[in-house]
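Survey of secondary and tertiary structure
In case you want the letters, here they are:
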Amino acid sequence: MGATALRNGPSPVPAPIDSIVEVRGISKTYGNVEALRGIDLDFPRGKLTSLLGPSGCGKTTLLKIIAGLIRADGGTVAINGKRVSAPGPERAFVFQDFALMPWATVTRNVAFGLELRGTNKAEREEIARRYIAEVGLAGFEDKYPHELSGGMRQRVGLARALSVDADVLLLDEPFSAVDEQNRRKFQEDLIRLRTNQNKTFIFVTHSIEEAVYISDRIVLLSPRPGRVSQIIEPEIDRSGDPERIHRDRHYLDTVDEIWQGLKQYVE
Amino acid sequence: MAVSIRTDGEAAGLASSSNRSATGASWDQPILLRLVSIALFAGIWEVAGRIPVSFAFPTFSDTVVAFFGLLADGSLATAYLSTLQPLVLGVVLSAFLGVSLGTICGLWRTGEWLVIPVFIVLQAAPVAAFIPMVTFVYGIGMTAKTLAVMILALPVIVLNTYKAVRNVNESLLVMCRSFLGTNWQTVAKIILPDASPVIFAGLRLGVAAGFVGVVLAELLITPTGIGDLITFHRSRADYAEMYATIASIIALSTLTLVFLQWVEVRVFRPESRGA
(Lines give C-alpha, C1' and ligand atoms only; values in the text may rest on other atoms or scores of the structure.)
Protein backbone atom coordinates (compact mmCIF):
# COMPACT_ATOMS: atom_id res chain seq x y z
CA MET A 1 0.00 0.00 0.00
CA GLY A 2 2.96 2.29 0.54
CA ALA A 3 2.00 5.67 1.96
CA THR A 4 -1.60 5.36 0.82
CA ALA A 5 -4.04 5.01 3.68
CA LEU A 6 -7.02 2.86 2.83
CA ARG A 7 -10.23 2.35 4.68
CA ASN A 8 -12.48 -0.30 3.31
CA GLY A 9 -16.14 -1.12 3.62
CA PRO A 10 -19.36 0.84 3.55
CA SER A 11 -19.43 1.38 7.33
CA PRO A 12 -19.24 5.03 8.46
CA VAL A 13 -15.74 6.32 8.85
CA PRO A 14 -14.89 7.72 12.30
CA ALA A 15 -15.23 11.50 12.17
CA PRO A 16 -11.97 13.38 11.79
CA ILE A 17 -11.28 15.86 14.57
CA ASP A 18 -12.34 18.99 12.76
CA SER A 19 -14.92 18.38 10.07
CA ILE A 20 -16.65 21.39 8.55
CA VAL A 21 -19.33 19.51 6.62
CA GLU A 22 -21.15 16.56 8.18
CA VAL A 23 -23.45 14.43 6.06
CA ARG A 24 -25.67 11.96 7.94
CA GLY A 25 -27.89 9.31 6.42
CA ILE A 26 -28.58 11.19 3.19
CA SER A 27 -30.85 9.37 0.76
CA LYS A 28 -32.45 10.48 -2.48
CA THR A 29 -34.72 8.73 -4.94
CA TYR A 30 -35.69 9.93 -8.41
CA GLY A 31 -38.91 8.17 -9.40
CA ASN A 32 -37.97 4.55 -8.84
CA VAL A 33 -34.22 5.07 -9.21
CA GLU A 34 -32.41 5.15 -5.90
CA ALA A 35 -29.70 7.75 -6.43
CA LEU A 36 -28.26 7.80 -2.92
CA ARG A 37 -28.71 5.48 0.06
CA GLY A 38 -27.64 6.23 3.61
CA ILE A 39 -24.63 8.44 2.92
CA ASP A 40 -22.56 9.27 6.02
CA LEU A 41 -19.56 11.49 5.36
CA ASP A 42 -17.36 14.04 7.04
CA PHE A 43 -15.39 16.64 5.18
CA PRO A 44 -12.30 17.85 7.03
CA ARG A 45 -11.77 21.60 7.24
CA GLY A 46 -9.20 23.13 4.92
CA LYS A 47 -8.83 19.99 2.80
CA LEU A 48 -9.79 19.13 -0.73
CA THR A 49 -12.09 16.13 -0.84
CA SER A 50 -13.12 14.57 -4.14
CA LEU A 51 -16.31 12.66 -4.77
CA LEU A 52 -15.31 10.12 -7.38
CA GLY A 53 -17.32 7.46 -9.12
CA PRO A 54 -18.77 6.22 -12.38
CA SER A 55 -21.76 8.03 -13.89
CA GLY A 56 -24.97 7.26 -12.05
CA CYS A 57 -23.33 7.00 -8.64
CA GLY A 58 -25.08 10.15 -7.45
CA LYS A 59 -21.95 12.23 -6.83
CA THR A 60 -23.38 15.42 -8.35
CA THR A 61 -26.67 14.83 -6.54
CA LEU A 62 -24.77 14.56 -3.24
CA LEU A 63 -22.86 17.77 -3.99
CA LYS A 64 -26.07 19.62 -4.82
CA ILE A 65 -27.71 18.36 -1.63
CA ILE A 66 -24.76 19.72 0.34
CA ALA A 67 -25.15 22.98 -1.61
CA GLY A 68 -28.84 23.12 -0.70
CA LEU A 69 -29.84 23.12 -4.37
CA ILE A 70 -31.55 19.70 -4.18
CA ARG A 71 -33.66 18.54 -1.27
CA ALA A 72 -32.76 15.12 0.17
CA ASP A 73 -35.49 12.59 0.91
CA GLY A 74 -33.88 11.71 4.21
CA GLY A 75 -30.87 12.58 6.34
CA THR A 76 -29.18 15.83 7.31
CA VAL A 77 -26.33 18.08 6.22
CA ALA A 78 -24.59 20.24 8.79
CA ILE A 79 -22.08 23.00 8.06
CA ASN A 80 -20.00 24.15 11.04
CA GLY A 81 -22.38 22.14 13.23
CA LYS A 82 -25.50 23.90 11.92
CA ARG A 83 -28.11 21.97 9.93
CA VAL A 84 -28.79 23.40 6.48
CA SER A 85 -31.35 22.66 3.78
CA ALA A 86 -30.96 25.72 1.51
CA PRO A 87 -28.03 27.61 0.00
CA GLY A 88 -26.11 29.71 2.50
CA PRO A 89 -23.29 32.26 2.62
CA GLU A 90 -20.80 29.70 3.96
CA ARG A 91 -20.95 27.69 0.73
CA ALA A 92 -20.20 28.72 -2.88
CA PHE A 93 -20.78 26.66 -5.99
CA VAL A 94 -18.77 26.28 -9.19
CA PHE A 95 -20.93 24.96 -12.01
CA GLN A 96 -20.09 22.34 -14.61
CA ASP A 97 -21.53 24.54 -17.40
CA PHE A 98 -19.95 27.71 -15.87
CA ALA A 99 -23.39 29.43 -15.52
CA LEU A 100 -22.02 32.84 -16.49
CA MET A 101 -24.33 35.66 -17.51
CA PRO A 102 -23.52 36.28 -21.18
CA TRP A 103 -24.66 39.91 -20.96
CA ALA A 104 -22.29 40.75 -18.11
CA THR A 105 -18.56 41.48 -18.16
CA VAL A 106 -16.06 39.28 -16.34
CA THR A 107 -16.01 41.80 -13.49
CA ARG A 108 -19.79 41.84 -13.07
CA ASN A 109 -19.98 38.06 -13.28
CA VAL A 110 -17.30 37.65 -10.62
CA ALA A 111 -18.93 40.29 -8.41
CA PHE A 112 -22.43 38.87 -8.90
CA GLY A 113 -22.59 37.03 -5.58
CA LEU A 114 -21.67 40.25 -3.79
CA GLU A 115 -24.10 42.24 -5.95
CA LEU A 116 -26.92 39.96 -4.77
CA ARG A 117 -25.82 40.56 -1.19
CA GLY A 118 -26.06 44.31 -1.64
CA THR A 119 -22.34 45.14 -1.43
CA ASN A 120 -21.79 48.56 -2.99
CA LYS A 121 -20.43 48.73 -6.51
CA ALA A 122 -16.98 50.18 -5.78
CA GLU A 123 -16.27 47.68 -3.03
CA ARG A 124 -17.47 44.59 -4.90
CA GLU A 125 -15.57 45.53 -8.05
CA GLU A 126 -12.45 46.00 -5.99
CA ILE A 127 -12.89 42.50 -4.52
CA ALA A 128 -13.72 41.08 -7.95
CA ARG A 129 -10.55 42.55 -9.46
CA ARG A 130 -8.49 40.91 -6.75
CA TYR A 131 -9.93 37.45 -7.43
CA ILE A 132 -9.78 37.90 -11.20
CA ALA A 133 -6.05 38.43 -10.77
CA GLU A 134 -5.89 35.49 -8.34
CA VAL A 135 -7.27 33.06 -10.94
CA GLY A 136 -4.97 34.47 -13.61
CA LEU A 137 -7.42 36.54 -15.63
CA ALA A 138 -5.95 40.00 -15.05
CA GLY A 139 -6.51 42.12 -18.17
CA PHE A 140 -9.79 40.40 -19.03
CA GLU A 141 -11.96 42.36 -16.58
CA ASP A 142 -14.08 44.04 -19.25
CA LYS A 143 -14.46 41.08 -21.60
CA TYR A 144 -17.71 39.21 -22.06
CA PRO A 145 -17.91 35.43 -21.54
CA HIS A 146 -18.24 34.69 -25.28
CA GLU A 147 -14.85 36.32 -25.83
CA LEU A 148 -13.17 33.82 -23.48
CA SER A 149 -12.12 30.20 -23.93
CA GLY A 150 -13.79 27.40 -21.93
CA GLY A 151 -10.94 27.27 -19.45
CA MET A 152 -11.03 31.02 -18.90
CA ARG A 153 -14.79 30.94 -18.42
CA GLN A 154 -14.43 28.39 -15.66
CA ARG A 155 -11.79 30.59 -14.06
CA VAL A 156 -14.45 33.30 -13.95
CA GLY A 157 -16.80 30.80 -12.27
CA LEU A 158 -14.10 29.98 -9.73
CA ALA A 159 -13.35 33.66 -9.05
CA ARG A 160 -17.08 34.28 -8.50
CA ALA A 161 -17.19 31.49 -5.92
CA LEU A 162 -14.02 32.76 -4.20
CA SER A 163 -15.20 36.38 -4.06
CA VAL A 164 -18.14 35.71 -1.72
CA ASP A 165 -15.62 34.46 0.85
CA ALA A 166 -17.41 31.20 1.67
CA ASP A 167 -15.73 28.58 3.86
CA VAL A 168 -16.66 25.71 1.57
CA LEU A 169 -16.25 25.65 -2.20
CA LEU A 170 -18.35 23.10 -4.04
CA LEU A 171 -17.08 22.27 -7.52
CA ASP A 172 -19.25 20.19 -9.82
CA GLU A 173 -17.03 18.60 -12.48
CA PRO A 174 -15.56 22.03 -13.16
CA PHE A 175 -13.15 20.84 -15.84
CA SER A 176 -15.38 18.52 -17.81
CA ALA A 177 -16.19 21.20 -20.40
CA VAL A 178 -12.59 22.42 -20.59
CA ASP A 179 -10.07 21.09 -23.11
CA GLU A 180 -7.26 18.82 -21.95
CA GLN A 181 -4.38 21.34 -22.01
CA ASN A 182 -6.37 23.97 -20.18
CA ARG A 183 -7.51 21.35 -17.68
CA ARG A 184 -3.91 20.43 -16.79
CA LYS A 185 -2.99 24.07 -16.30
CA PHE A 186 -6.13 24.72 -14.29
CA GLN A 187 -5.47 21.72 -12.02
CA GLU A 188 -1.97 23.03 -11.30
CA ASP A 189 -3.41 26.45 -10.52
CA LEU A 190 -6.00 24.87 -8.24
CA ILE A 191 -3.25 23.19 -6.19
CA ARG A 192 -1.48 26.54 -5.81
CA LEU A 193 -4.75 28.32 -5.02
CA ARG A 194 -5.62 25.81 -2.37
CA THR A 195 -2.48 26.55 -0.42
CA ASN A 196 -3.10 30.32 -0.64
CA GLN A 197 -6.79 30.26 0.23
CA ASN A 198 -7.65 28.68 3.52
CA LYS A 199 -10.79 27.00 2.24
CA THR A 200 -12.44 23.62 2.16
CA PHE A 201 -13.00 22.22 -1.31
CA ILE A 202 -15.49 19.52 -2.26
CA PHE A 203 -14.83 18.43 -5.77
CA VAL A 204 -16.92 16.16 -7.97
CA THR A 205 -15.12 14.40 -10.80
CA HIS A 206 -15.27 11.24 -12.84
CA SER A 207 -11.57 11.35 -13.64
CA ILE A 208 -9.44 9.12 -11.42
CA GLU A 209 -6.22 10.92 -12.42
CA GLU A 210 -7.74 14.29 -11.64
CA ALA A 211 -9.01 13.15 -8.24
CA VAL A 212 -5.65 11.66 -7.21
CA TYR A 213 -3.73 14.62 -8.60
CA ILE A 214 -5.49 17.30 -6.59
CA SER A 215 -7.21 15.63 -3.59
CA ASP A 216 -6.25 15.23 0.04
CA ARG A 217 -9.06 12.74 0.34
CA ILE A 218 -11.04 10.75 -2.20
CA VAL A 219 -14.50 9.40 -1.50
CA LEU A 220 -15.31 6.57 -3.89
CA LEU A 221 -18.99 6.14 -4.59
CA SER A 222 -20.53 3.01 -6.09
CA PRO A 223 -23.60 3.24 -8.29
CA ARG A 224 -27.21 1.98 -8.06
CA PRO A 225 -27.83 2.85 -5.31
CA GLY A 226 -25.11 5.46 -4.70
CA ARG A 227 -23.15 4.50 -1.61
CA VAL A 228 -19.74 5.23 -0.14
CA SER A 229 -17.56 2.29 -1.12
CA GLN A 230 -14.11 3.49 -0.07
CA ILE A 231 -12.26 6.48 1.30
CA ILE A 232 -8.68 7.01 0.17
CA GLU A 233 -6.16 9.54 1.39
CA PRO A 234 -3.35 9.74 -1.15
CA GLU A 235 -0.26 11.03 0.57
CA ILE A 236 1.41 12.86 -2.24
CA ASP A 237 3.81 15.70 -1.74
CA ARG A 238 2.38 18.62 -3.70
CA SER A 239 4.78 21.26 -2.45
CA GLY A 240 7.24 21.12 -5.34
CA ASP A 241 6.78 21.29 -9.09
CA PRO A 242 3.21 20.20 -9.93
CA GLU A 243 4.54 18.55 -13.10
CA ARG A 244 6.40 16.01 -10.97
CA ILE A 245 3.24 14.67 -9.37
CA HIS A 246 2.28 12.93 -12.60
CA ARG A 247 5.47 10.85 -12.33
CA ASP A 248 5.21 10.30 -8.57
CA ARG A 249 5.06 6.59 -7.63
CA HIS A 250 2.37 7.07 -5.00
CA TYR A 251 0.31 8.95 -7.55
CA LEU A 252 0.56 6.17 -10.11
CA ASP A 253 -0.10 3.43 -7.53
CA THR A 254 -3.17 5.17 -6.17
CA VAL A 255 -4.62 5.74 -9.63
CA ASP A 256 -4.14 2.07 -10.41
CA GLU A 257 -5.63 0.98 -7.10
CA ILE A 258 -8.77 3.06 -7.59
CA TRP A 259 -9.15 1.77 -11.12
CA GLN A 260 -9.02 -1.83 -9.84
CA GLY A 261 -11.77 -0.94 -7.37
CA LEU A 262 -13.99 0.82 -9.88
CA LYS A 263 -13.58 -1.66 -12.73
CA GLN A 264 -16.43 -3.88 -11.54
CA TYR A 265 -18.97 -1.05 -11.98
CA VAL A 266 -18.06 -0.34 -15.58
CA GLU A 267 -20.12 -2.39 -17.98
CA MET B 1 -27.10 35.40 -29.63
CA ALA B 2 -26.14 37.71 -32.43
CA VAL B 3 -27.58 35.26 -34.93
CA SER B 4 -31.01 35.19 -33.34
CA ILE B 5 -31.12 38.98 -33.06
CA ARG B 6 -30.40 39.24 -36.73
CA THR B 7 -33.24 36.87 -37.64
CA ASP B 8 -35.58 38.83 -35.39
CA GLY B 9 -34.57 41.97 -37.25
CA GLU B 10 -35.49 40.24 -40.50
CA ALA B 11 -38.88 39.24 -39.13
CA ALA B 12 -39.63 42.75 -37.96
CA GLY B 13 -38.41 44.14 -41.27
CA LEU B 14 -41.16 42.26 -43.09
CA ALA B 15 -43.68 44.70 -41.69
CA SER B 16 -42.10 47.47 -43.72
CA SER B 17 -40.67 45.65 -46.66
CA SER B 18 -39.84 48.73 -48.70
CA ASN B 19 -37.22 49.78 -46.17
CA ARG B 20 -36.06 46.43 -45.01
CA SER B 21 -32.47 47.15 -45.80
CA ALA B 22 -32.40 49.46 -42.80
CA THR B 23 -33.56 46.87 -40.25
CA GLY B 24 -32.76 43.60 -41.91
CA ALA B 25 -29.17 44.25 -42.88
CA SER B 26 -26.51 43.08 -40.47
CA TRP B 27 -24.76 45.82 -38.60
CA ASP B 28 -21.27 44.97 -39.61
CA GLN B 29 -21.93 45.57 -43.31
CA PRO B 30 -20.41 48.73 -44.70
CA ILE B 31 -22.79 51.66 -44.86
CA LEU B 32 -22.07 51.91 -48.61
CA LEU B 33 -24.01 48.70 -49.30
CA ARG B 34 -27.03 50.03 -47.48
CA LEU B 35 -26.91 53.27 -49.45
CA VAL B 36 -26.61 51.32 -52.70
CA SER B 37 -29.62 49.26 -51.72
CA ILE B 38 -31.69 52.40 -51.07
CA ALA B 39 -30.50 54.00 -54.32
CA LEU B 40 -31.40 50.84 -56.23
CA PHE B 41 -34.87 50.83 -54.72
CA ALA B 42 -35.40 54.53 -55.58
CA GLY B 43 -34.13 53.89 -59.11
CA ILE B 44 -36.57 51.03 -59.75
CA TRP B 45 -39.40 53.15 -58.34
CA GLU B 46 -38.41 56.03 -60.64
CA VAL B 47 -38.37 53.77 -63.71
CA ALA B 48 -41.67 52.12 -62.75
CA GLY B 49 -43.23 55.57 -62.33
CA ARG B 50 -41.96 56.72 -65.71
CA ILE B 51 -43.22 53.70 -67.70
CA PRO B 52 -45.82 54.24 -65.99
CA VAL B 53 -46.99 51.08 -64.25
CA SER B 54 -50.31 52.76 -63.52
CA PHE B 55 -51.60 56.29 -63.97
CA ALA B 56 -51.98 56.27 -60.16
CA PHE B 57 -48.31 55.45 -59.59
CA PRO B 58 -46.09 58.51 -59.27
CA THR B 59 -42.35 58.58 -59.89
CA PHE B 60 -39.90 58.62 -56.99
CA SER B 61 -38.86 62.18 -57.72
CA ASP B 62 -42.46 63.43 -57.81
CA THR B 63 -43.06 61.74 -54.49
CA VAL B 64 -40.02 63.38 -52.93
CA VAL B 65 -41.18 66.78 -54.20
CA ALA B 66 -44.67 66.11 -52.85
CA PHE B 67 -43.17 65.09 -49.51
CA PHE B 68 -41.40 68.42 -49.12
CA GLY B 69 -44.60 70.17 -50.21
CA LEU B 70 -46.52 68.41 -47.44
CA LEU B 71 -43.80 69.33 -44.97
CA ALA B 72 -43.86 72.96 -46.06
CA ASP B 73 -47.61 73.50 -45.86
CA GLY B 74 -47.74 71.87 -42.43
CA SER B 75 -50.32 69.24 -43.33
CA LEU B 76 -47.92 66.39 -42.56
CA ALA B 77 -47.08 67.84 -39.15
CA THR B 78 -50.78 68.30 -38.29
CA ALA B 79 -51.57 64.76 -39.39
CA TYR B 80 -48.74 63.26 -37.36
CA LEU B 81 -49.71 65.26 -34.30
CA SER B 82 -53.08 63.56 -34.38
CA THR B 83 -51.80 60.08 -35.33
CA LEU B 84 -48.89 59.92 -32.92
CA GLN B 85 -51.00 60.48 -29.78
CA PRO B 86 -53.00 57.22 -29.91
CA LEU B 87 -50.02 55.43 -31.47
CA VAL B 88 -47.50 56.35 -28.78
CA LEU B 89 -50.05 55.86 -26.00
CA GLY B 90 -51.15 52.49 -27.38
CA VAL B 91 -47.63 51.23 -28.02
CA VAL B 92 -46.31 52.33 -24.62
CA LEU B 93 -49.31 50.82 -22.83
CA SER B 94 -48.99 47.60 -24.84
CA ALA B 95 -45.27 47.38 -24.12
CA PHE B 96 -45.64 47.78 -20.36
CA LEU B 97 -48.83 45.75 -20.06
CA GLY B 98 -47.61 43.08 -22.48
CA VAL B 99 -44.19 42.59 -20.89
CA SER B 100 -45.68 42.55 -17.36
CA LEU B 101 -48.49 40.20 -18.30
CA GLY B 102 -46.15 37.93 -20.25
CA THR B 103 -43.66 37.83 -17.37
CA ILE B 104 -46.38 36.97 -14.85
CA CYS B 105 -47.73 34.22 -17.09
CA GLY B 106 -44.23 32.85 -17.60
CA LEU B 107 -43.63 32.66 -13.86
CA TRP B 108 -47.03 31.68 -12.57
CA ARG B 109 -48.94 28.61 -13.78
CA THR B 110 -52.45 29.84 -12.93
CA GLY B 111 -51.86 33.09 -14.77
CA GLU B 112 -50.65 31.10 -17.74
CA TRP B 113 -53.88 29.06 -17.87
CA LEU B 114 -56.09 32.13 -17.48
CA VAL B 115 -54.41 34.53 -19.86
CA ILE B 116 -52.35 32.77 -22.51
CA PRO B 117 -55.22 31.01 -24.39
CA VAL B 118 -56.93 34.37 -24.91
CA PHE B 119 -53.84 35.81 -26.54
CA ILE B 120 -53.21 32.73 -28.64
CA VAL B 121 -56.72 33.14 -30.06
CA LEU B 122 -56.21 36.90 -30.49
CA GLN B 123 -52.95 36.35 -32.33
CA ALA B 124 -54.54 33.83 -34.67
CA ALA B 125 -57.67 35.93 -35.26
CA PRO B 126 -57.82 38.63 -37.95
CA VAL B 127 -58.06 41.27 -35.24
CA ALA B 128 -58.62 44.08 -37.71
CA ALA B 129 -62.17 42.72 -37.87
CA PHE B 130 -62.63 43.88 -34.27
CA ILE B 131 -61.99 47.49 -35.18
CA PRO B 132 -65.60 48.27 -36.24
CA MET B 133 -66.72 46.70 -32.98
CA VAL B 134 -64.31 48.88 -31.00
CA THR B 135 -65.77 51.91 -32.79
CA PHE B 136 -69.26 50.75 -31.92
CA VAL B 137 -68.39 50.52 -28.20
CA TYR B 138 -65.98 53.43 -27.74
CA GLY B 139 -67.05 55.85 -30.46
CA ILE B 140 -64.67 57.50 -32.86
CA GLY B 141 -62.29 59.25 -30.48
CA MET B 142 -58.85 58.76 -29.11
CA THR B 143 -59.92 55.75 -26.98
CA ALA B 144 -61.03 53.73 -30.00
CA LYS B 145 -57.80 54.48 -31.87
CA THR B 146 -55.63 53.61 -28.87
CA LEU B 147 -57.54 50.37 -28.44
CA ALA B 148 -57.08 49.55 -32.10
CA VAL B 149 -53.33 49.93 -31.64
CA MET B 150 -53.39 47.78 -28.54
CA ILE B 151 -55.41 44.87 -29.84
CA LEU B 152 -52.93 44.55 -32.68
CA ALA B 153 -49.77 45.12 -30.64
CA LEU B 154 -50.52 43.35 -27.38
CA PRO B 155 -50.84 39.64 -28.32
CA VAL B 156 -47.40 39.27 -29.91
CA ILE B 157 -45.74 41.15 -27.05
CA VAL B 158 -47.46 39.04 -24.38
CA LEU B 159 -46.79 35.74 -26.14
CA ASN B 160 -43.13 36.49 -26.90
CA THR B 161 -42.47 37.64 -23.35
CA TYR B 162 -44.24 34.60 -21.94
CA LYS B 163 -42.24 32.20 -24.09
CA ALA B 164 -38.96 33.95 -23.32
CA VAL B 165 -39.57 33.91 -19.58
CA ARG B 166 -40.68 30.30 -19.65
CA ASN B 167 -37.54 29.21 -21.52
CA VAL B 168 -35.06 31.12 -19.40
CA ASN B 169 -31.67 29.44 -18.91
CA GLU B 170 -32.21 26.97 -16.07
CA SER B 171 -28.58 26.89 -14.97
CA LEU B 172 -28.52 30.67 -14.47
CA LEU B 173 -31.58 30.37 -12.21
CA VAL B 174 -29.81 27.73 -10.13
CA MET B 175 -26.69 29.90 -10.05
CA CYS B 176 -28.70 32.88 -8.78
CA ARG B 177 -30.31 30.75 -6.09
CA SER B 178 -27.00 29.30 -4.97
CA PHE B 179 -25.59 32.82 -4.54
CA LEU B 180 -28.60 33.68 -2.38
CA GLY B 181 -30.57 35.75 -4.89
CA THR B 182 -34.08 36.66 -3.78
CA ASN B 183 -37.06 36.07 -6.08
CA TRP B 184 -37.10 39.72 -7.11
CA GLN B 185 -33.39 39.67 -7.85
CA THR B 186 -33.85 36.54 -9.91
CA VAL B 187 -36.52 38.23 -12.04
CA ALA B 188 -34.68 41.54 -12.41
CA LYS B 189 -31.11 40.33 -12.77
CA ILE B 190 -31.47 36.96 -14.51
CA ILE B 191 -34.88 36.31 -16.06
CA LEU B 192 -35.49 39.66 -17.76
CA PRO B 193 -31.98 40.13 -19.16
CA ASP B 194 -31.87 36.52 -20.34
CA ALA B 195 -35.30 36.85 -21.95
CA SER B 196 -34.65 40.30 -23.41
CA PRO B 197 -33.70 39.26 -26.98
CA VAL B 198 -37.00 37.42 -27.44
CA ILE B 199 -38.97 40.08 -25.55
CA PHE B 200 -37.50 42.72 -27.84
CA ALA B 201 -38.30 40.67 -30.92
CA GLY B 202 -41.90 40.70 -29.66
CA LEU B 203 -41.74 44.42 -29.00
CA ARG B 204 -40.52 45.11 -32.52
CA LEU B 205 -43.31 43.02 -34.02
CA GLY B 206 -45.77 44.66 -31.61
CA VAL B 207 -44.68 48.18 -32.53
CA ALA B 208 -44.97 47.33 -36.24
CA ALA B 209 -48.46 45.94 -35.56
CA GLY B 210 -49.30 49.12 -33.65
CA PHE B 211 -48.52 51.18 -36.77
CA VAL B 212 -50.85 48.90 -38.73
CA GLY B 213 -53.51 49.39 -36.05
CA VAL B 214 -53.40 53.16 -36.03
CA VAL B 215 -53.50 53.47 -39.83
CA LEU B 216 -56.36 50.96 -40.01
CA ALA B 217 -58.26 52.87 -37.34
CA GLU B 218 -57.80 56.12 -39.21
CA LEU B 219 -58.91 54.58 -42.47
CA LEU B 220 -61.86 52.71 -40.95
CA ILE B 221 -62.99 54.71 -37.90
CA THR B 222 -62.09 58.37 -37.83
CA PRO B 223 -60.87 60.21 -40.88
CA THR B 224 -58.08 62.01 -39.03
CA GLY B 225 -54.30 62.10 -39.04
CA ILE B 226 -52.27 60.09 -41.51
CA GLY B 227 -55.19 57.90 -42.52
CA ASP B 228 -57.17 60.97 -43.43
CA LEU B 229 -54.25 62.49 -45.35
CA ILE B 230 -53.99 59.28 -47.41
CA THR B 231 -57.74 59.16 -48.09
CA PHE B 232 -57.89 62.88 -48.87
CA HIS B 233 -55.11 62.83 -51.45
CA ARG B 234 -56.46 59.66 -53.01
CA SER B 235 -59.87 61.29 -53.43
CA ARG B 236 -58.25 64.31 -55.13
CA ALA B 237 -56.06 62.02 -57.25
CA ASP B 238 -52.91 63.65 -55.78
CA TYR B 239 -51.08 60.36 -56.03
CA ALA B 240 -47.64 61.78 -55.37
CA GLU B 241 -48.86 63.29 -52.08
CA MET B 242 -50.62 60.05 -51.19
CA TYR B 243 -47.47 57.99 -51.76
CA ALA B 244 -45.36 60.53 -49.89
CA THR B 245 -47.65 60.16 -46.87
CA ILE B 246 -47.55 56.36 -47.03
CA ALA B 247 -43.77 56.36 -47.45
CA SER B 248 -43.39 58.71 -44.51
CA ILE B 249 -45.23 56.42 -42.10
CA ILE B 250 -43.29 53.40 -43.33
CA ALA B 251 -40.06 55.30 -42.76
CA LEU B 252 -41.19 56.33 -39.29
CA SER B 253 -42.10 52.76 -38.42
CA THR B 254 -38.71 51.53 -39.61
CA LEU B 255 -36.84 54.22 -37.70
CA THR B 256 -38.76 53.31 -34.55
CA LEU B 257 -37.77 49.66 -34.93
CA VAL B 258 -34.14 50.56 -35.51
CA PHE B 259 -34.24 52.76 -32.42
CA LEU B 260 -35.73 49.90 -30.40
CA GLN B 261 -32.93 47.59 -31.50
CA TRP B 262 -30.40 50.22 -30.54
CA VAL B 263 -31.93 50.51 -27.07
CA GLU B 264 -31.90 46.74 -26.68
CA VAL B 265 -28.24 46.33 -27.57
CA ARG B 266 -27.25 49.40 -25.58
CA VAL B 267 -29.12 48.67 -22.38
CA PHE B 268 -29.79 44.95 -22.17
CA ARG B 269 -27.34 43.01 -24.29
CA PRO B 270 -24.09 44.97 -24.45
CA GLU B 271 -22.19 41.81 -25.39
CA SER B 272 -23.88 41.61 -28.79
CA ARG B 273 -22.70 45.09 -29.76
CA GLY B 274 -20.65 44.82 -32.91
CA ALA B 275 -20.64 41.04 -32.61
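The structure we're discussing is the one just above.
Residues numbered from 1 in each chain as written. Chains lettered and ligands numbered in written order. Predicted model: local features only at pLDDT ≥ 70, side-chain atom pairs only at ≥ 80, totals over all residues. Heavy atoms only, no water.

The subject of this paragraph is the overall build of chain B. Helix and strand content of chain B: twelve helices and zero strands. Secondary structure of chain B in N-to-C order comes out as α-α-α-α-α-α-α-α-α-α-α-α. Taken across its 275 residues, chain B has 47% of its residues classed as buried. Considering only residue pairs separated by 6 or more positions, chain B has 72% of its internal contacts joining residues 24 or more positions apart. Of the roughly 13700 Å² that chain B leaves accessible, carbon and sulfur atoms contribute 73%. (Helix = DSSP H or I, 4+ residues; strand = E, 2+ residues; numbered from the N terminus. Buried < 20%, exposed > 50% of the residue type's maximum accessible area, 1.4 Å probe, protein only. Contact = heavy atoms within 4.5 Å. Areas by Shrake-Rupley, 256 points an atom, 1.4 Å probe, with all protein chains shown as cover.)

How big an interface is tends to be stated in terms of accessible area lost as the parts join. On the chain A side, the residues contacting the 19 residues of chain B number 25 residues. Across the chain B/chain A interface, buried area totals approximately 1900 Å², and carbon plus sulfur atoms make up 69% of it. Connecting chain B to chain A are one salt bridge. K189 of chain B is paired through a salt bridge with E115 of chain A; the nearest N and O atoms lie 2.7 Å apart. Linking chain B with chain A are four residue pairs in polar contact (both at pLDDT 80 or more). For the side of chain B that touches chain A, the secondary-structure elements that each account for two or more residues are α9 (170-178) and α10 (183-220) of chain B. (Buried area = accessible area lost by both parts, 1.4 Å probe. Salt bridge = Lys/Arg side-chain N within 4 Å of Asp/Glu carboxyl O. Polar contact = N/O pair within 3.5 Å; in protein donor to acceptor, adjacent residues only side chain to side chain.)

What follows covers the environment of S176 of chain A. All names here are of chain A. Structurally, the position occupied by S176 is in the loop between β8 (168-172) and α6 (180-196). Given a relative accessible area of 33%, S176 falls into the partly exposed group. The spacing of S176 and D97 is 79 residues in sequence and 8.6 Å in space, taken between C-alpha atoms. Those residues in contact with S176, other than ones at most four positions away along the chain, are Q96 and H206. A polar side-chain atom of S176 sits 3.0 Å from a polar atom in the side chain of Q96.

Our focus in this paragraph is the sheet that holds strand β6 (residues 82-84) of chain A. Residues and elements named next belong to chain A. Across the sheet, four strands lie side by side as β3-β2-β5-β6; this open sheet has antiparallel pairing. Strands at the two margins of the open sheet, each flanked by one partner only, are β3 (33-44) and β6. This sheet shows a mean twist of 25° between the axes of neighbouring strands, independent of strand direction. Alignment of strand β2 (residues 19-30) against strand β5 (residues 74-79), held across five bridges, turns out to be antiparallel. (Pairing = 2+ DSSP bridges. Axes fitted to C-alpha atoms, helices over the stretch in contact; angles between N-to-C directions.)

Residues and elements named next belong to chain B. Approximately 610 Å³ is the volume found for the second largest pocket. What lines the second largest pocket is a set of 22 residues, among which V92, A95, F96, L203 and L260 lie closest to the centre. Secondary-structure elements contributing two or more residues to the lining of the second largest pocket are α5 (75-107), α10 and α12 (239-268). When residues in the lining of the second largest pocket are grouped by element, the largest group, ten residues, is from α5. Here the lining of the second largest pocket is built from residues that sort into 18 nonpolar, four polar and no charged. (1 Å grid on protein atoms, 1.4 Å probe; cavity = no way out; pocket = protein on both sides within 12 Å on 5 of 7 lines; lining within 4 Å. Points joined across faces, edges and corners; volume = space filled by probe spheres on them. Nonpolar A, V, L, I, M, F, W, Y, C, P; charged D, E, K, R; others polar.)

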